[in-house]
Amino acid sequence: GFEHIIIIGSDTPSLTKEHLLQIEVKLQNNEMVLLPNGKGGCSAIGISSKSFCGEWFAALPWQHNILTKSIQDYCNKNNVSNDLLPIAVADFHS
C-alpha cells in the first residue's frame, strides 16, 4: 500500500524536485494537492491513499481545461481536504 502518491504529467519538463517536495509537504495536512498548469489542467496531483478512488480517477477529464475545477468540485462535494499550489507549471498542452 501507499500513504501518498504523486502523479506527474509526462508532458511537464519544467517540473522540478522542489515542486514535488512542496506537494509532499502539503499532503501532510491535505488529502489532495494540485499543481496547476495555468490553463485549467494539472501538472501534478498529490493524493492520499484514503482519498484515492480508481474509478473516479480514471473518469477525470484528462487533457481538458476543466481538470482542476473538476477535482476541486469533487473534493468539496465529498469533504476531501485539498490545496492548490500557488504557482503554475506549464505543460506541452498549456
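Placed above this text is the structure.
Within every chain, residues take consecutive numbers counted from 1 along the sequence as written. Totals for whole chains, interfaces and linings use every residue, but because this is a predicted model, local features are given only for residues with pLDDT of at least 70 and side-chain atom pairs only at 80 or more, for both listing and counting. In computing side-chain values, all of the structure's heavy atoms are included and hydrogens and water are not.

A. Representation of the overall build of the protein. Each helix is a run of DSSP H or I of at least 4 residues and each strand a run of E of at least 2, with the numbering of both proceeding from the N terminus. Counting its regular elements, the protein contains three helices and four strands. Shown N-terminal to C-terminal, the secondary structure of the protein runs as helices and strands in the order β-α-β-β-α-α-β. For the protein, the C-alpha radius of gyration of 12 Å lies close to 12 Å, the compact-globule estimate for 94 residues. Counting only C-alpha atoms, the protein reaches 30 × 25 × 25 Å along its principal axes. Between buried and exposed lies partly exposed: a residue is buried under 20% and exposed over 50% of the maximum accessible area for its type, with that area taken using a 1.4 Å probe on protein chains only. Sorting the 94 residues of the protein into buried and exposed places 38% on the buried side. Working rule for contacts: check all heavy atoms of both residues, and any pair within 4.5 Å makes them a contact. A fraction of 64% describes how many contacts in the protein between residues 6 or more apart in sequence connect residues 24 or more apart. Summing over all exposed atoms, the protein offers an accessible surface of approximately 5,500 Å²; the carbon and sulfur share of this is 53%. Only four residue types enter the tally: Lys and Arg on the positive side, Asp and Glu on the negative side, with His and both chain ends excluded. Note on charges: their place is set at NZ of Lys, CZ of Arg, CG of Asp or CD of Glu. Side chains of the protein give 6 positive and 9 negative charges; the mean places of these two sets differ by 6 Å. Each radius of gyration reported is based on C-alpha atoms, and the globular scaling rule is 2.2 Å times the count of residues to the power 0.38. Accessible surface area values rest on a Shrake-Rupley calculation with a 1.4 Å probe, where residue burial reflects the displayed protein chains alone.

B. Focus on helix α3 (residues 67-77). Taken together, the buried positions of α3 are occupied by Leu-67, Thr-68, Ile-71 and Cys-75. All buried residues of α3 lie within an arc of 100° about the axis, which places them on one face of the element. Along α3, exposed side chains directed more than 90 degrees from the buried face belong to Lys-69, Asn-76 and Lys-77. Residues of α3 that are buried in the fold lie against β2 (32-36), β3 (42-48), α2 (54-58) and β4 (82-84). A positive backbone phi angle near 55° is found at Asn-79, which sits one or two residues after α3. This arc is taken over the directions from the axis of the helix to the C-beta atoms.

C. Representation of the nonpolar core in the model. Met-32, Leu-34, Cys-42, Ile-45, Ile-47, Trp-56, Phe-57, Leu-60, Leu-67, Ile-71, Cys-75 and Val-80 form the largest nonpolar core, which has 12 residues in total. Of all the secondary structure elements, the ones that give two or more residues to this core are β2, β3, α2 and α3. The residues touching Phe-57, leaving out its near neighbours within four places in the chain, are Ile-7, Ile-47, Phe-52 and Trp-62. Take the buried residues of types Ala, Val, Leu, Ile, Met, Phe, Trp, Tyr and Cys, join any two whose side-chain atoms come within 4.5 Å, and each joined set is a nonpolar core. Counting residues in each nonpolar core, the second largest holds eight residues, with Leu-15, Ile-23, Ala-44 and Leu-85 among its members.

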